[in-house]
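Here's the letter readout for the chains.
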Amino acid sequence: MLILAIDTSSATATTALMEDGRLLAEYNQNSGKTHSQRLMLMIDDMLKSCGKKPEDVDLYACAAGPGSFTGLRIGASAVKTMAQVFNKPIAAVPTLDALAYNLFNFNGLVCPTLDAQRGAVYSGLYKWENNKLLKLEDYRVIDGKALVDKLTALNQQVAILGDGVEVLKQIDLTKSNILIAPPGHLQPRASSGAAIAQQMQENGFVESCYSFRPVYIRKSQAEVEYEKKQELTTRPMELKDVDDVWEIEKLSFRTPWSRESFVEEMQTNQRARYVLAELGDTVVGYGGMWFIVDEAHITNIAVHPDYRGQKIGEKVVEAMIAAAQRESINSLTLEVRVTNTPAINLYKKLGFDEVGIRKGYYTDTGEDALIMWYK
Amino acid sequence: MYKDTTILAIETSCDETSAAIVRNGREVLSNVISTQIDIHKKFGGVVPEVASRKHLENINMIVQEALQQAGINLEKVDAVAVTSGPGLVGALLIGLTTAKALAYSINKPLIGVHHIEGHIAANYIEHKELQPPFICLVASGGHSHIVKVKDYDSFEILGQTRDDAAGEAFDKIARALGLGYPGGPLIDKISLKGNPEAIHFPRAFLEEGSYDFSFSGLKSAALSYLNSMKMKDEKINIADVAASFQAAVVEVLAEKLIRAAVEHNSKYAVLAGGVAANSKLRQELQCLGSQRGIEVLFPSSILCTDNAAMIGSAAYYRYIRGVVSDLTLNARPNLTIGERV
């Protein structure tokens, strides 16, 4: 299987060609030239020098964000179009996961960062455990100073990398627990994206040129201003909301429910109750549960990546509790990944207690689930 | 034997995502246009970042539809054309990168096209007999140019706006009147119910013989009229204001275009760009043209908006002259007309 990987999410443009797990070539350029002018030449040169043709590529690996809006789109439109012409799938590789992959089996925490302008960075937090990359925190936009303070407070060794390091360098980085990755590992490398893409394909997480789109995790300023004026409301989900909800589902879970499952939940499952959160008239989050006798079993909760960090999840859960109570159901239960600390903290805050563990509950990673109850 | 030339063209310079298949520069096999107007309405104008995101989401589907509607596959495409400027840089880059990847993948030439040259070429599609040289007024949200089209790839700017573009002036006044966005079509429509002589707004003809435009004085006059009416607490007749404002813009545009055609011995006075869809402008030009013996031409309304067919037409005349671009072609947001793409 031949994978062509591209990442133009930051100041570095990088392309790689990987065949059956063997890296044939990797081109990295961080010279200030525009990606728009360089990208197709890099791809052409790399393919030619490896004796390959564009039609030989079986899978495209594309940086899916977050990162520079324009940079992401240059890579995405090139990949989408090649995938369209040759009718091949695309693996949407999260940029911060791919960056963290640069530091394979690093003995400490890994904090990839990408410049988000105005002193802020996109960042995530990872650790390596048994050769597996574990994501400890969701992707976020964070002020550089706030991130440095946070990392310092962790009190353990953290390696930072990505072009956000330039932003963080403006702040005092002499704290002994923060390390800057060496130049060869510092910037995005398409070979990391290719390796992740291969795993994604093995697990069936690939997309078509029509469905693939970058996840920006940040709105345009005009939208932010507009949404400030909108009100956050909750209401029961209806059949007409299925597409909006399914979109959020796909953006939120590695093994999303199918669109049909949501249709079924709305049309035939008498026990299902779904709640939506809307900002103005945009669906931004949802939660579902099944009423089983006198208990409500929460099936899924998700907030659109563009709207996280605005307490929308909290509003959804509160609305679910209220909806259950309206039908005289006072106990609610859910499972959550043991590593999903932000979600666990949210549930605790809303009155859920930890009552047990389900071993290996999540089939994709083999992770345990924490069982929580609200009574 | 004569061989047909089929061009796949892409246009994403502002808020329309469009792809078209054009044969021999004049025959449109398909022209798919997906407008984002509804998305930008709530912001009162085009938000570049939102436009870029939408272009990326839609572009491949639009290209697919253009091929399907034309009933051809990519093997029949001889070249890929794309608008490389002027326009919103982020928006241009989506079309540009798509076109480059497409041209590269099917191993066919890439042709960068100037957006305004595309607007002019819309007339080649509409009027099969039209050939350069002729005089053309290009008026849209971003441009107000009187251009001498000397040949298919040779242009001379005779005049241009010194401040606001004509379409921009329409948008601003429409906003002040509370009509919404986009302003041009809304003003055109409501003006039908108003009296164009109700208020006399200034006509800026500038110095003797100049083909340049200036709409900022007119804009200020209209805004201060609205202000003074509000101060006096008098009722504003929106239709009258719109009609009077439109009459002032149209009179200057029409007069300068016809004068340019007469002075340059052009048989035709040609209209292009979004403002070319304005019914009053078309009417006024036809009236003036027939008085002065000039034939007035303009494209049908759909070809006045931003669309890829016009890009495919302009590209054809580059293609047959062997003018093609390479994969380093970049977006040029401020490209001026006639400049090498």
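Scoring rules and cut-offs
Residues numbered from 1 in each chain as written. Chains lettered and ligands numbered in written order. Predicted model: local features only at pLDDT ≥ 70, side-chain atom pairs only at ≥ 80, totals over all residues. Heavy atoms only, no water. Helix = DSSP H or I, 4+ residues; strand = E, 2+ residues; numbered from the N terminus. Rg over C-alpha atoms; globule rule 2.2 N^0.38 Å. Buried < 20%, exposed > 50% of the residue type's maximum accessible area, 1.4 Å probe, protein only. Contact = heavy atoms within 4.5 Å. Areas by Shrake-Rupley, 256 points an atom, 1.4 Å probe, with all protein chains shown as cover. Lys, Arg positive; Asp, Glu negative; His and termini not counted. Charge placed at Lys NZ, Arg CZ, Asp CG, Glu CD. Pairing = 2+ DSSP bridges. Axes fitted to C-alpha atoms, helices over the stretch in contact; angles between N-to-C directions. Domains from an automatic or database assignment. Buried area = accessible area lost by both parts, 1.4 Å probe. Salt bridge = Lys/Arg side-chain N within 4 Å of Asp/Glu carboxyl O. Polar contact = N/O pair within 3.5 Å; in protein donor to acceptor, adjacent residues only side chain to side chain. Nonpolar A, V, L, I, M, F, W, Y, C, P; charged D, E, K, R; others polar. Patch = residues over 30% accessible without salt bridge, like charges linked within 9 Å, V, L, I, M, F, W, Y side chains within 5 Å. Parallel < 35°, antiparallel > 145°, perpendicular 65-115°, else oblique.

A short note on the overall build of chain A
Scanning chain A for helices and strands turns up 12 helices and 17 strands. A globule of 375 residues ought to have a C-alpha radius of gyration of about 21 Å, and chain A, at 22 Å, matches this closely. For chain A, the spread of C-alpha atoms along the principal axes amounts to about 70 × 50 × 45 Å. Across the 375 residues that make up chain A, the buried fraction comes to 53%. Across chain A, every contact between residues at least 6 apart in sequence was considered, and the portion connecting residues at least 24 apart equals 63%. About 16,600 Å² of surface is accessible on chain A, with carbon and sulfur atoms providing 48% of the total. Positive and negative side-chain charges of chain A, numbering 41 and 48 respectively, have mean locations separated by a distance of 3 Å.

Remarks on the sheet that holds strand S16 (residues 353–358) of chain A
Neighbouring strands of a sheet are bound in pairs by backbone hydrogen bonds; such pairs are parallel or else antiparallel. Residues and elements named next belong to chain A. Pairing within the open sheet is mixed, and its seven strands lie in the order S11-S12-S13-S14-S15-S17-S16. Of all the strands in the sheet, just strand S11 (232–236) and S16 have a single pairing partner and so form its edges. Strand-to-strand twist in this sheet, taken as the mean axis angle between neighbours without regard to direction, amounts to 25 degrees. Sheet topology note: the strand S15 (residues 331–337)/strand S17 (residues 369–374) ladder contains six bridges and is antiparallel. Counted as the bridge partner of Val336 is Leu370 from S17. Strand contacts of helix H12 (residues 341–349): strand S14 (295–303), S15, S16 and S17, with the helix running at about 165 degrees to S15, the strand carrying the most contacts.

With respect to the domain arrangement of chain A
Residues and elements named next belong to chain A. Each domain of chain A was delimited in the assignment, giving domain 1 (2–94 + 188–202), domain 2 (97–185) and domain 3 (221–374). Facing the four residues of domain 2 at the interface are five residues of domain 3. Summing the contributions of domain 2 and of domain 3, the shared interface buries around 370 Å²; its carbon and sulfur component is 39%. At the junction of domain 2 with domain 3, the criterion picks out one salt bridge. The salt bridge involving Arg308 is made with Asp138; its shortest N-O contact spans 3.3 Å. Where domain 2 packs against domain 3, one counts one residue pair in polar contact (both at pLDDT 80 or more). Here the side of domain 2 that touches domain 3 is composed, by residue class, of one nonpolar, no polar and three charged.

Notes on a negative patch on the surface
Residue and element names in this part refer to chain A. A contiguous patch of negative charge on the surface is contributed by Asp20, Glu55, Asp56 and Asp58. Relative to the elements of secondary structure, Glu55 occurs in the loop between helix H1 (35–49) and strand S4 (59–63). The class of Glu55 is partly exposed, set by a relative accessible area of 40%.

As for the interface of chain A and chain B
On the side of chain B, 29 residues touch chain A, which itself brings 33 residues to the contact. Across the chain A to chain B interface the summed buried area is about 2,900 Å²; carbon plus sulfur atoms make up 63%. The interface formed by chain A and chain B includes two salt bridges. Between Arg213 of chain A and Glu57 of chain B there is a salt bridge; the shortest N-O distance is 3.5 Å. Linking chain A to chain B there are 11 residue pairs in polar contact (both at pLDDT 80 or more). When contributions to the side of chain A that touches chain B are tallied by element, the ones reaching two or more residues are H1, helix H2 (69–86) and helix H8 (221–228) of chain A. It is H2 of chain A that contributes the most residues to the side of chain A that touches chain B, 13 residues altogether. Tallied by class, residues from the side of chain A that touches chain B come to 18 nonpolar, eight polar and seven charged.

Description of the pairing of strand S1 (residues 6–11) of chain B
All names here are of chain B. Across the six residues of S1, six count as buried, placing the element largely inside the fold. Burial along S1 is two-sided: Thr6, Leu8 and Ile10 and Ile7, Ala9 and Glu11, pointing in opposite directions, are all buried. With six bridges connecting them, S1 and strand S2 (residues 16–23) associate as antiparallel partners. Each bridged residue has a counterpart across the sheet, and for Ile7 the counterpart in S2 is Val22. Between the antiparallel neighbours S1 and S2 lie four residues. Relative to strand S4 (residues 79–85), S1 runs parallel, the two being bridged by four bridges.

Considering the packing of H2 of chain A against helix H2 (residues 48–70) of chain B
Interhelical geometry of H2 of chain A versus H2 of chain B gives an angle of 5 degrees and a closest axis separation of 10 Å. Taken together, the axis directions place H2 of chain A and H2 of chain B in an arrangement best described as roughly parallel. Along the contact surface, H2 of chain A presents Phe69, Arg73, Ala76, Ser77, Lys80, Thr81 and Gln84 of chain A, while H2 of chain B presents Glu49, Ser52, Arg53, Leu56, Glu57, Asn60, Val63 and Gln64 of chain B. Of the residues that constitute the contact of H2 of chain A with H2 of chain B, the class distribution is four nonpolar, six polar and five charged.

A few points about the sheet that holds strand S9 (residues 158–161) of chain A
Residues and elements named next belong to chain A. As summarised here, the arrangement of the five strands in space is S8-S7-S6-S9-S10, forming an open sheet in which the pairing is mixed. Of all strands in the sheet, those with a lone pairing partner are strand S8 (132–143) and strand S10 (178–180), marking the two edges. Neighbour to neighbour, the strand axes of the sheet diverge by 25 degrees on average, direction disregarded. Both S9 and S10 contribute to a ladder of three bridges, which runs parallel. Across the sheet, the residue bridging to Ala159 is Leu179, located in S10. Taken strand by strand, helix H4 (residues 144–153) contacts strand S6 (109–115), strand S7 (120–129), S8, S9 and S10, and its axis lies near 140 degrees from that of S8.

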